[in-house]
Amino acid sequence: MSTLSTLGTLSTLGTKTPLDLSRALDRKQFLRWSAGGLLLAAGCGPATNPPPADAASSESPADLRARIARILEEYDAQGDHRTGTDTDRESGRWLAGRLTSLGVDAELEALPFSRLDLDAAYLEIDGERLEVIPFFDAPATGAEGVLGVLGPVGGDAAIGFAEVAPSAGLSPDFFEQRRANRHKALLAVTGGPRWGLPEGYALINAEDYRVPIGPPALQLPSQALAQLTGAVGSEVRVVSASHRSSVSAWNVTGSVAGTRPDLPPIVVMTPRSGWWRCASERGGGIATFLEIARDLALDPPTRSVHFVASTGHELGHLGLDHYLDSHRDWIAGAAAWIHLGANFVAAHGRQVRLQASDSDFLEAARDALAAAQTPADVEAPIGERPLGEARNIFDGGGRYVSILGSNGLFHHPDDRWPEAVDLEWAERIIGALVALTRRLASFQEPPS
């Protein structure tokens with residue numbers, strides 16, 4: 001049984017009207033999804049020796065496009081990649097097996113994780129319940145919920161609502177209201193044409209997962225906006241009841257030894273968890289991660305290269321934080337961190353963003369992308385705090401190259417293989433990133 005098998009049912013809410021929401025997901029299905037599927041059997045932990053992926057080593061090294069397609073198809077088929085769920089754990093085993101099949105010494109790095117499991121999450125208007133999704137970094141209400149008059153965020157109503165982008169930086173007023181804690185509860189209408197997305201959900205990352213902030217808060221699909229607008233001034237009930245389960249999550253790590261292991265290493269990192277199937281959001285980074293590993297394992301570079309595919313991306317980068325806690329010396333001591341971020345193979349609304357710690361790394365990345373005819377649409381100013389996991393390295397004073405982008409299916413259930421991916425573009429840009437990594441790993445001294 002797929003870990004979040006019932007999330008496929010939830011995904012169809014993007015095509016239903018708000019009045020259909022409570023009927024689109026019965027209570028049993030809702031609780032199965034919110035719990036993240038069945039727990040692993042008692043006593044089951046990370047595999048010491050992950051099984052190799054089927055036939056990975058028999059693929060032709062020249063057939064890059066076919067390999068990318070296979071990885072994206074397999075990743076998408078696994079299910080919804082929320083941290084700490086069965087899909088997240090099985091996907092970790094799969095990725096470790098893929099690395100092992102390439103000849104890379106791979107491990108599953110376990111981290112303790114307190115998973116949020118939902119007991120109930122709904123908005124009640126005039127006696128009708130709309131089953132919705134809570135913010136994963138907001139406090140719970142308890143089973144009785146919160147009662148109050150509905151109105152726009154920032155006003156005097158007890159329950160405030162607003163249209164909210166899936167990227168927090170695009171809706172700063174809403175997040176300021178969360179921190180101000182002036183409302184008894186908040187409702188975020190997500191997704192839809194307002195943000196260049198299809199109708200439905202576009203979930204928001206839980207940056208404060210470890211220490212929830214503000215009042216209880218729920219996320220609704222875009223179709224709910226008309227119903228909320230029509231209910232302004234009415235009393236509504238917000239219910240967000242949940243509990244925490246102590247489970248294991250893990251990062252996937254690996255290494256390729258260089259011919260000069262005394263030199264500072266290169267670290268290649270990519271997130272592997274997220275909302276829904278996230279085929280184009282996360283899949284490009286995972287496919288690139290494996291192609292870099294394949295290339296370096298076949299012909300070891302000068303510097304050792306370490307790999308980490310981290311869980312917890314959608315929950316404030318908690319997996320990467322765990323990895324960095326045990327590799328503090330590498331943050332500033334590595335020759336370079338290569339961040340394979342979100343969306344750079346997306347077929348819809350893609351704008352590629354290049355981020356680098358300094359002009360030498362920016363120029364090296366720019367040259368590699370230009371050679372593959374995949375230039376970045378945006379280059380972040382040097383010294384600006386970067387987006388994505390590269391920010392963790394920036395904050396620690398490390399050197400990095402980072403690639404990510406925008407996506408017309410960002411955090412949306414329709415981010416699925418194959419429609420969400422531009423495979424021809426993916427082939428070219430992944431080839432460029434493999435070449436860039438080999439270049440940086442081959443310097444006797446890194447660019448200064």
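Everything below is about the structure shown above.
Residues numbered from 1 in each chain as written. Predicted model: local features only at pLDDT ≥ 70, side-chain atom pairs only at ≥ 80, totals over all residues. Heavy atoms only, no water.

Asks: Just checking my understanding: could you explain the packing of helix α5 (residues 86–101) against helix α8 (residues 279–298) for this structure?
Replies: Axes are the key here: two packed helices are described by the angle between their axes and the distance separating the axes. Running from N to C, α5 and α8 cross one another at 25°; their axes reach a closest spacing of 10 Å. Regarding the angle of α5 to α8, the classification is roughly parallel. Seen from above, α5 lies across α8 with right-handed handedness. The segment α5 lies against α8, with Trp94, Leu95, Arg98 and Leu99 engaging Ile286, Phe289, Leu290 and Ala293. Partitioning the contact of α5 with α8 into residue classes produces 7 nonpolar, no polar and 1 charged. (Axes fitted to C-alpha atoms, helices over the stretch in contact; angles between N-to-C directions. Helix = DSSP H or I, 4+ residues; strand = E, 2+ residues; numbered from the N terminus. Parallel < 35°, antiparallel > 145°, perpendicular 65-115°, else oblique. Left-handed = near helix turned anticlockwise from the far one by under 90°. Contact = heavy atoms within 4.5 Å. Nonpolar A, V, L, I, M, F, W, Y, C, P; charged D, E, K, R; others polar.)

Asks: It is not clear to me how the environment of Thr83 should be interpreted in this structure. Could you clarify?
Replies: Checked against the element boundaries, Thr83 lands in the loop between α4 (64–77) and α5. Once residues lying within four places of it in the same chain are set aside, the contact partners of Thr83 are Asp88, Phe113, Arg115, Ala249, Ser273, Thr311, Gly312, His313, Glu314 and Leu315. At 3.3 Å, the side chain of Thr83 forms a polar contact with the side chain of Ser273. A polar contact is formed between the side chain of Thr83 and the backbone nitrogen of Gly312, at a distance of 3.0 Å. (Polar contact = N/O pair within 3.5 Å; in protein donor to acceptor, adjacent residues only side chain to side chain.)

Asks: Mind showing me how you'd approach the pairing of strand β9 (residues 266–271) here?
Replies: Looking along a regular strand, one sees the side chains alternate between the two faces of the sheet. Counting buried positions along β9 gives 6 out of 6 residues, so the element sits mostly inside the fold. On β9, burial covers both faces: Ile266, Val268 and Thr270 on one face and Val267, Met269 and Pro271 on the other are all buried. In this structure, β9 lies alongside strand β10 (residues 305–310), joined through 6 bridges in parallel fashion. Residue Pro271 lies in a different strand from β10, and its bridge partner there is Ser310. Once you follow β9 into α8 and on to β10, the crossover reads as right-handed. Pairing analysis gives 4 bridges linking β9 to strand β11 (residues 336–340), with the strands arranged parallel. Paired with Val268 across the two strands is Ile338, which belongs to β11. (Buried < 20%, exposed > 50% of the residue type's maximum accessible area, 1.4 Å probe, protein only. Pairing = 2+ DSSP bridges. Right-handed = clockwise from strand over helix to strand, strands pointing away.)

Asks: Sorry if this is basic, but what is going on with the nonpolar core here?
Replies: Where a protein is soluble and globular, its nonpolar side chains tend to be buried together. Phe289, Phe307, Phe344, Ile429 and Ile430 are the most contacted members of the largest nonpolar core, which has 61 residues in total. For this core, the element with the most residues is helix α13 (residues 423–441), which contributes 10 residues. Sequence-distant contacts of Phe344, defined by excluding residues within four places in its chain, comprise Gly284, Gly285, Thr288, Arg350, Val352, Ile403, Leu404, Trp425, Ile429, Ile430 and Leu433. In terms of nonpolar packing, the next biggest core, distinct from the first, is built from 35 residues, Ala185, Tyr209, Val236 and Trp275 among them. (Core = buried A, V, L, I, M, F, W, Y, C linked by side-chain atoms within 4.5 Å.)

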